[in-house]
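# A closer look at the structure
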Amino acid sequence: MSLFQSPAIRSIVLLLLFVPSWSTVPRLPLLDERAALVAMPVALYPESPARRRVGALIFERGYRLTSADPAFGGFSSLIVDGDHFTLLNDGGNIVRFRLDSRGRITTPQFAALSAGPGTGWEKSDRDSESMTRNPASGTIWVTFERANAIWAYSPGLAKPVRHAAPRAMQDWPENGGAEAMVRLRNGGFVVLSETGFWRGTKGQDFVGIRFDGDPTLPGRRGFRFIYRPPDGYKPTDIAEMPDGRLLVLNRRFTVPAGFRAVLTIVDQHLIAPGKRVVGRELARFAPPVLADNFEGIAITRESNNSTGLWIVSDDNQSSLQQSLLLKFRIDDAAARKIGGTHRQ
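This is a predicted model, so every value here is computed, not measured.

This brings us to the overall build of the chain. Each helix and strand in the chain was counted, giving two helices and 24 strands. Each of the 344 residues in the chain was classed as buried or not, and the buried ones make up 53%. In the chain, the share of contacts with a sequence separation of at least 24, taken over all contacts with a separation of at least 6, comes to 53%. About 16,200 Å² of surface is accessible on the chain, with carbon and sulfur atoms providing 53% of the total.

So this is what it looks like as structure tokens:
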């Protein structure tokens, strides 16, 4: 019997042929299923804990989230449903828990997206940056920045349903693509690029796309528009307010100032093909206000009919940053005075 007639040798050869060879690229860190999570209270003004207002936001409570799991952190988006929280980091890791009004965490769960672009071996395959949900069906959509793709998942991110790489997004930068996304109550979608600049604007204007429906379904159409954030800032997330206006989270990093964030309001009715919209400032996060790498927002309707806002930060899994989860109430009267988008 020749060497290659041996069943053991044939198995080894087939394994080498059909299983991708390992390279020096490390495996994407995944969370352990044995979830352990702690929430420690934080103040909006670390040096003045009694102060509770920034712009048109009233601070209600906030926490620093920690875990002994080395893969914990890096959160870029969140979904809030009552006291149920789902956080998604920029490597496809999922953290779920319940959080009561006293800051007590129960039923924590760690998981990972079951599928996405690429093989899932490298972090670039699961560069999940934003997440939005249809509350009626439970379907969740996730953007993958490097792939410039949008994937739809069944409720709870259990399994992929369909996905698409919209042609209008294909020229966006690999590391600055689909960063922010929201499903509107009318079924449309708005997606913003992190560093996809409108031609000829010298890096001041960012490309956005307004889809007329689910962008993962065939035949869905959309148009490009221009979003101008505050000078030096980039959009990181977007959500729809109860009155239909859009709230955009914008981030800036400089040395040695570090991270800053600005929330702006955009009137979606002024979004039109090829037109530039400029949001109006709702709140600014800079010292003495608590500031970090804020990446995700979620809007809730409270039992007293007020508008709630949750913000989560991406600690880049660095000891110099924090995974912050902050809860605000939007001062609706002040927000109405601010108005919405103006068009240039």
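Past the structure itself, the notes keep going.
Our next topic: unusual backbone geometry. Along the chain, Val-255 connects to Pro-256 via a cis peptide bond; the corresponding omega equals 10 degrees. Positionally, Pro-256 belongs in the loop between strand 17 (246–254) and strand 18 (258–266). For the bond running from Pro-287 to Pro-288, omega is 15 degrees, close enough to zero to count as cis. Tracing the sequence through the fold places Pro-288 in the loop between strand 20 (280–285) and strand 21 (294–301). Residue Thr-107 is not a glycine yet carries a positive backbone phi of 45 degrees. For Thr-107, the position within the fold is in strand 7 (residues 105–112).

The residue Ala-333 is located in helix 2 (residues 332–338) in this model. Judged by its relative accessible area of 37%, Ala-333 falls in the partly exposed class. When the C-alpha positions of Ala-333 and Ala-56 are compared, they lie 8.6 Å apart, and in sequence the two are 277 residues distant.

Counting 29 residues, the largest nonpolar core has Val-54, Leu-57, Leu-247, Leu-263, Phe-285, Leu-309 and Phe-328 as the members making the most contacts within it. Counting only elements with at least two residues in this core, the list comes to strand 3 (57–66), strand 17, strand 18, strand 20, strand 21, strand 22 (307–313), strand 23 (324–330) and helix 2. Considering every element that reaches this core, the biggest residue donor is strand 23, with four residues. Excluding anything up to four places from it in sequence, Leu-247 contacts Asp-237, Ile-238, Ala-239, Met-241, Leu-263, Thr-264, Ile-265, Leu-282, Ile-297, Ile-299, Leu-309 and Ile-330. Membership of the second largest hydrophobic core comes to 20 residues, among which are Leu-37, Phe-97, Ala-298 and Val-312.

With antiparallel pairing, the four strands of this open sheet are ordered in space as 4-5-6-7. With partners counted over all chains shown, the strands left at the sheet margins are strand 4 (75–81) and strand 7, one partner each. Between one strand axis and the next, the sheet turns by 15 degrees as a mean value, whatever way the strands run. One ladder, built from five bridges, connects strand 5 (residues 84–89) with strand 6 (residues 93–99); its direction is antiparallel. Directly across from Thr-86, in strand 6, lies its bridge partner Arg-96.

Here the focus is the pattern of salt bridges. Taken as a whole, this structure holds 17 salt bridges when the rule is applied. In this structure, Arg-245 and Asp-243 form a salt bridge, with 2.9 Å as the shortest nitrogen-oxygen distance. Across the pair Lys-327 and Glu-302 runs a salt bridge, and its minimum N-O distance is 3.2 Å. Of the two residues, Lys-327 sits in strand 23 while Glu-302 sits in the loop between strand 21 and strand 22, which places them 25 residues apart along the sequence. The class of Lys-327 is buried, set by a relative accessible area of 4%. Exposure remark for Glu-302: the relative accessible area of 24% places this residue in the partly exposed category. One network of salt bridges, with partners in common, ties together Glu-60, Glu-302, Lys-327 and Arg-329.

Position of Lys-234 relative to the elements: it lies in strand 16 (residues 234–240). Judged by relative accessible area, Lys-234 falls into the partly exposed class, the value being 33%.

Before going further, it helps to spend a moment on the confidence of the model for the chain. Close inspection of predicted coordinates is inappropriate for parts of the model with low pLDDT. For the chain, mean pLDDT is 89; residues scoring 70 or higher make up 88% of the total. Taken together, the stretch residues 13–18 has pLDDT below 50 and engages in one contact with residues farther than four places along the chain or on a different chain.

What follows covers the pairing of strand 10 (residues 149–153). In terms of residue burial, strand 10 counts as a mostly covered element, since five of its five residues are buried. Burial along strand 10 is two-sided: the face carrying Ala-149, Trp-151 and Tyr-153 and the face carrying Ile-150 and Ala-152 are both buried. Where strand 9 (residues 140–144) meets strand 10, five bridges bridge the pair, whose relative direction is antiparallel. Across the sheet, Ile-140 pairs through a bridge with Tyr-153, a residue of strand 10. Where strand 9 folds back on strand 10, the antiparallel hairpin that results is connected by four residues, among which Asn-148 adopts a positive phi of roughly 50 degrees. Pairing geometry for strand 10 and strand 11 (residues 160–164), over four bridges, is antiparallel. Following the sheet pairing, Tyr-153 is matched in strand 11 by Pro-160. Hairpin remark: strand 10 followed by strand 11, antiparallel, with six residues in the connecting loop; positive phi at Gly-156, about 75 degrees.

Rules used in this analysis
Residues numbered from 1 in each chain as written. Predicted model: local features only at pLDDT ≥ 70, side-chain atom pairs only at ≥ 80, totals over all residues. Heavy atoms only, no water. Helix = DSSP H or I, 4+ residues; strand = E, 2+ residues; numbered from the N terminus. Buried < 20%, exposed > 50% of the residue type's maximum accessible area, 1.4 Å probe, protein only. Contact = heavy atoms within 4.5 Å. Areas by Shrake-Rupley, 256 points an atom, 1.4 Å probe, with all protein chains shown as cover. Core = buried A, V, L, I, M, F, W, Y, C linked by side-chain atoms within 4.5 Å. Pairing = 2+ DSSP bridges. Axes fitted to C-alpha atoms, helices over the stretch in contact; angles between N-to-C directions. Salt bridge = Lys/Arg side-chain N within 4 Å of Asp/Glu carboxyl O. pLDDT = per-residue confidence, 0-100.

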